[in-house]
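Structural characterization, general
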Amino acid sequence: MSKRYTSEFKRDAVALVRSSGRNVTEVARELGVSAEGLRGWVKQAKVDCGEGAPGALTTAEKDELQRLRRENREQQQTIEILKKAAAFFAKETMK
């Protein structure tokens, strides 16, 4: 089961890694988080400040993409419902 950490906690953990000179594993152990999770936060922080790999999505871009995908899914469901309703009413008018 995964834990949810606040953005402030993540930001502070990344700052600790950057400022302490210690490696990610040591800081993660001290904070009680997984080393892989902290490593991901550090990587995402680099992307967010323009130091990431080319084509990597910032947090804001990921959030927008997630929102747009959710909206798209909802609109596709609405379209399917409207198609079924149109077919139903077309049958009813033919009777």
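Scroll up to find the structure this text is about.
Residues numbered from 1 in each chain as written. Predicted model: local features only at pLDDT ≥ 70, side-chain atom pairs only at ≥ 80, totals over all residues. Heavy atoms only, no water.

Moving on to the packing of helix H1 (residues 7-20) against helix H3 (residues 35-48). The interhelical angle for the contact between H1 and H3, taken along N-to-C directions, is 90°, at an axis separation of 9 Å. Comparing their axes, H3 and H1 come out roughly perpendicular. Here H1 contributes Phe9, Lys10, Ala13, Val14, Val17 and Arg18 to the contact with H3, which in turn contributes Leu38, Trp41, Val42, Ala45 and Lys46. (Axes fitted to C-alpha atoms, helices over the stretch in contact; angles between N-to-C directions. Helix = DSSP H or I, 4+ residues; strand = E, 2+ residues; numbered from the N terminus. Parallel < 35°, antiparallel > 145°, perpendicular 65-115°, else oblique. Contact = heavy atoms within 4.5 Å.)

On to the layout of surface pockets, then. In this structure, the largest pocket spans a volume of roughly 360 Å³. Lining the largest pocket are 14 residues, with Ser7, Lys10, Gln44, Asp48 and Thr59 sitting closest to its centre. Elements supplying a minimum of two residues to the lining of the largest pocket: H1, H3 and helix H4 (59-94). In terms of residue count, H1 provides more of the lining of the largest pocket than any other element does, 5 residues in total. (1 Å grid on protein atoms, 1.4 Å probe; cavity = no way out; pocket = protein on both sides within 12 Å on 5 of 7 lines; lining within 4 Å. Points joined across faces, edges and corners; volume = space filled by probe spheres on them.)

Okay, the packing of aromatic side chains next. Using the criterion set out here, one finds 4 aromatic pairs in the structure. Centroid distance phenylalanine 9 to tryptophan 41: 6.1 Å. Interplanar angle 85°. Geometry classified as edge-to-face. Of this pair, phenylalanine 9 sits in helix H1 while tryptophan 41 sits in helix H3, and the two are 32 residues apart along the sequence. A residue is classified by how much of its surface remains accessible, and phenylalanine 9, at 28% relative accessible area, is partly exposed. We classify tryptophan 41 as buried; its relative accessible area is 15%. The interplanar angle of 75° and the centroid separation of 5.3 Å between the aromatic rings of phenylalanine 88 and phenylalanine 89 together place this pair among those described as edge-to-face. Overall, phenylalanine 89 belongs to the exposed group, its relative accessible area being 52%. Within the aromatic cluster, the residues linked to one another by ring pairs are Tyr5, Phe9 and Trp41. (Phe/Tyr/Trp six-rings, centres within 6.5 Å; stacked < 30°, edge-to-face > 60°. Buried < 20%, exposed > 50% of the residue type's maximum accessible area, 1.4 Å probe, protein only.)

Each pair of packed helices can be summarised by the angle the axes make with each other and by the distance between the axes. Where H1 meets helix H2 (residues 24-31), the axes come as close as 10 Å, and the angle between the chain directions of the two elements is 135°. Judged on the interaxial angle alone, H2 and H1 are oblique. In this structure, H1 crosses over H2, and the sense of that crossing is right-handed. Between H1 and H2, the contacting residues are Phe9, Ala13, Leu16, Val17 and Ser20 on the first element and Val24, Val27, Glu30 and Leu31 on the second. (Left-handed = near helix turned anticlockwise from the far one by under 90°.)

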